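Remarks on the overall topology
Read off the chains here:
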Amino acid sequence: MSSRDKFNIMKIGLLIIATNKYDVFIPPLLKSVKKHFMKNHEVTTFVFTDKEMPNKKGLVSLPHIHEPWPNVTLKRYHVFDKHKKELSEMDYLYYCDVDMLFVSDVGDEILPDKNSTAYVPNEYKGCYFAGGFNGGTSKAFLNMSREIKDRVNKDLENNIIAIWHDESQLNRYLIDNQPKVLSPSYCYPESWDLPFEKKILALDKNHKEIRG
């Protein structure tokens, strides 16, 4: 038995896409990840970017060409499916928007419980899942990535783009495959005042300026 298994230390992959002007968010996010994210496990942050970034312990930079809006977000899961070989080496995978910031410890409470195309009818009254932070076991996450990629491709063949792009597809998938649900603490809008502890902030920004 390895020491990793003995002490239940998991290999956690954090996935970040940062191209074009979004690269300005990388340094503060990485600093907050090191301070607050899964401190009892082996965390590797995978940064998919069109900027030069050296690989170092706990950080893997993977080249990714910037695409114009909305493909930059719509085809997010295409990126993960493309790199499934190296990502499958992780025990768990979590995606995080680059314009987020960890402000409190995020640990084992987000791990899935062991027992545990984008159209949604208007009468659906369940949860709406924010796309800014999501994940699970590497197998489940990569299966989801492949399925969402295929659904997006099918829509594009029919000249259809879901209203909230990848987030619409994510919601359709999770309605059909019920996940462990986290509170708004894990995607907390920076300027809002909600009755939840702040864990991961979704930073305020000028969307028009950043998207170029």
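Above this text you will find the structure in question.
Summarised in this report is the structure supplied together with it. (Residues numbered from 1 in each chain as written. Predicted model: local features only at pLDDT ≥ 70, side-chain atom pairs only at ≥ 80, totals over all residues. Heavy atoms only, no water.)

Turning our attention to the sheet that holds strand S5 (residues 100-102). With mixed pairing, 3 strands are arranged side by side in an open sheet as S5-S8-S7. What marks the edges here is a single partner per strand, and that holds for S5 and strand S7 (188-189). Note that S5 and strand S8 (residues 200-202) share 3 bridges and pair antiparallel. Bridge pairing in S8 places Phe102 opposite Ile200. (Pairing = 2+ DSSP bridges. Helix = DSSP H or I, 4+ residues; strand = E, 2+ residues; numbered from the N terminus.)

Enumeration over the complete set of coordinates arrives at 11 aromatic pairs. Consider the rings of Tyr77 and Phe80, whose centres lie 5.7 Å apart with planes at 80°: the pair is edge-to-face. Separated by 3 residues within a single helix, Tyr77 and Phe80 lie in helix H4 (residues 76-82), roughly one turn from each other. Residue Phe80 is classed as buried on the basis of its relative accessible area of 0%. Considering the side-chain rings of Tyr94 and Phe133, the 5.6 Å spacing of their centres and the 15° angle between planes classify their relative orientation as stacked. Each of the two residues, Tyr94 as well as Phe133, counts as buried. Here the aromatic cluster, defined as three or more aromatic residues joined through ring pairs, consists of Phe48, Tyr77, Phe80, Tyr95 and Phe141. (Phe/Tyr/Trp six-rings, centres within 6.5 Å; stacked < 30°, edge-to-face > 60°. Buried < 20%, exposed > 50% of the residue type's maximum accessible area, 1.4 Å probe, protein only.)

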